[in-house]
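The residues making up each chain are set out below.
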Amino acid sequence: MKDVAARAGVGLKTVSRVVNSEPGVTPDTERRVQEAITALGFRRNDSARILRKGRTASVGLVLEDLADPFYGPLSRAVEEVARDHGALLINGSSAEDPAREQELVLALCARRVDGLVVIPAGDDHRYLEPEISAGVATVFVDRPAGRINCDAVLSDSFGGARDAVAHLIAHGHRRIGFIGDQPRIHTAIERLRGYRAAMSVAGLPVNEAWMSLGATDPSRVLAAAEAMLSGPEPVTALFAGNNRVTVTAVRVLAARPGRAALVGFDDFELADLLSPGVTVVAQDAAQLGRTAANMLFRRLEGADEEPRQIVLPTRLIARGSGEIPPAHRVAS
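Below is a summary of the structure that appears in this document. (Residues numbered from 1 in each chain as written. Predicted model: local features only at pLDDT ≥ 70, side-chain atom pairs only at ≥ 80, totals over all residues. Heavy atoms only, no water.)

1. Topic: the nonpolar core
The criterion, for reference: In these notes, a set of buried Ala, Val, Leu, Ile, Met, Phe, Trp, Tyr and Cys residues joined through side-chain atoms within 4.5 Å is what counts as a nonpolar core. Burial classes follow relative accessibility: with a 1.4 Å probe on protein chains only, a residue under 20% of its type's maximum area counts as buried, one over 50% as exposed, and anything between as partly exposed. Here a helix means four or more residues in a row that DSSP labels H or I, a strand means two or more in a row labelled E, and each is numbered from the N terminus. Contact definition: two residues touch when any of their heavy atoms are within 4.5 Å.
Counting residues in each nonpolar core, the largest one holds 43 residues, and the members touching the most others are Y195 and L238. Breaking this core down by element, the ones donating at least two residues are helix 8 (157-170), strand 6 (176-180), helix 9 (186-201), helix 10 (218-229), strand 8 (237-240), helix 11 (243-254), strand 9 (261-265) and strand 10 (279-282). With sequence-adjacent residues up to four places away left out, Y195 is seen in contact with A161, V165, I176, G177, F178, V206, W210 and M211. Ranked by size, the runner-up nonpolar core spans 26 residues in total, among them L61, L74, V81 and I119.

Here it is as structure tokens:
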């Protein structure tokens, strides 16, 4: 900094103000300092800055699966908000493993991130209590924290699922199957609850064989869909609990004679270009990420209030697959 000050013909305090984007420097002086910094190859020492200010200007994002396209716009939105606040985003994936989630979260805390945005894989987050008490701002997104009271931003999984099944019922379906994610996951349970609620409101029975929760790998989903679509009283429609389930269901239905109806939770790329287009309950993943990140930085800026839970609405997009009537309707 002494070299920069000497080259630019200014004092050390002026160089410090320019480096830290503080007010009180004229545009011409700032230009001379920046030119001196460039000419000398000066780089700010962030380690020293952290020791002085006690903040790292970095936040962590823990996703469920980096390969899932749902998380792309969510991650980008968090990154944009972090950048607007002069912070670096560090992200990683739990691979849907609660132990790996805990390991990753604590590793980020050990690296002294200022805050965390977490899409949880587990249902017990008491391990985070010491970190939160120490000042690590934390917001959960897509699913709430388990066994601790913490800020959360969610989509209306219950309402979206209820609307999806009500849509199928309105198009004449009475035997509707639901294939969802693992039962330990909050969104899977909420979507199952929405499915049951829509069936109950319509006065329709729910056969246990019409519901299947578990891993979303294609082999498991394929077996569940084939079982529901076969037998003496097959379902005439499927409600898929997330985009991975929907994609497998599309493949199953395309290979079968006749056509069952399908509504999926989560939109996905090219869903509108298939024939028929896939009817979906769309979440705004970018808005989830943006809202969570803004909530995080409010906390980092000193907002002292009780933990809040924000629930964002979903939107049903009818494209054709959810409007196919039951087979007996076609024959009549």
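Let us keep going from here.
2. Observations concerning the side chain of H173
Worth spelling out the cut-off: In protein, a polar contact means a hydrogen-donor-capable atom and an acceptor-capable atom, both N or O and within 3.5 Å, with residues adjacent in sequence counting only if both atoms are side-chain atoms; elsewhere, any N or O pair within 3.5 Å suffices.
The residue H173 is located in the loop between helix 8 and strand 6 in this model. Residue H173 is classed as buried on the basis of its relative accessible area, which comes to 0%. In this structure the side chain of H173 is engaged in a polar contact, spanning 2.7 Å, whose partner is the side chain of T236. If we ignore the near neighbours within four places in the chain, the residues touching H173 are L168, L204, T236, A237, A261, I324, P325 and P326.

3. A closer look at the pattern of salt bridges
The condition is simple: What counts as a salt bridge is simple: a side-chain nitrogen of Lys or Arg found within 4 Å of a carboxyl oxygen of Asp or Glu.
The full count for this structure, using the stated rule, is 21 salt bridges. Among the salt bridges present, the one from E64 reaches R244, with a minimum N-O distance of 3.4 Å. With E64 in the loop between strand 1 (58-63) and helix 5 (71-84) and R244 in helix 11, this residue pair connects regions lying 180 residues apart in the sequence. Residue classification places E64 among the buried positions, given a relative accessible area of 1%.

4. Looking at the packing of aromatic side chains
Rule in force here: In summary, the pairing rule links any two rings of Phe, Tyr or Trp, Trp by its six-membered ring, whose centres are within 6.5 Å, and it sorts them by plane angle into stacked for under 30 degrees, edge-to-face for over 60 and tilted for everything else.
Under the criterion given, the structure shown has 3 aromatic pairs. Between the aromatic rings of F70 and Y71, the centroid separation amounts to 5.2 Å while the plane-to-plane angle is 75 degrees, which identifies the pairing as edge-to-face. As far as burial versus exposure is concerned, F70 and Y71 are alike and both buried. Each residue in the set F178, Y195 and F239 is aromatic and connected to the rest through ring pairs, giving one cluster.

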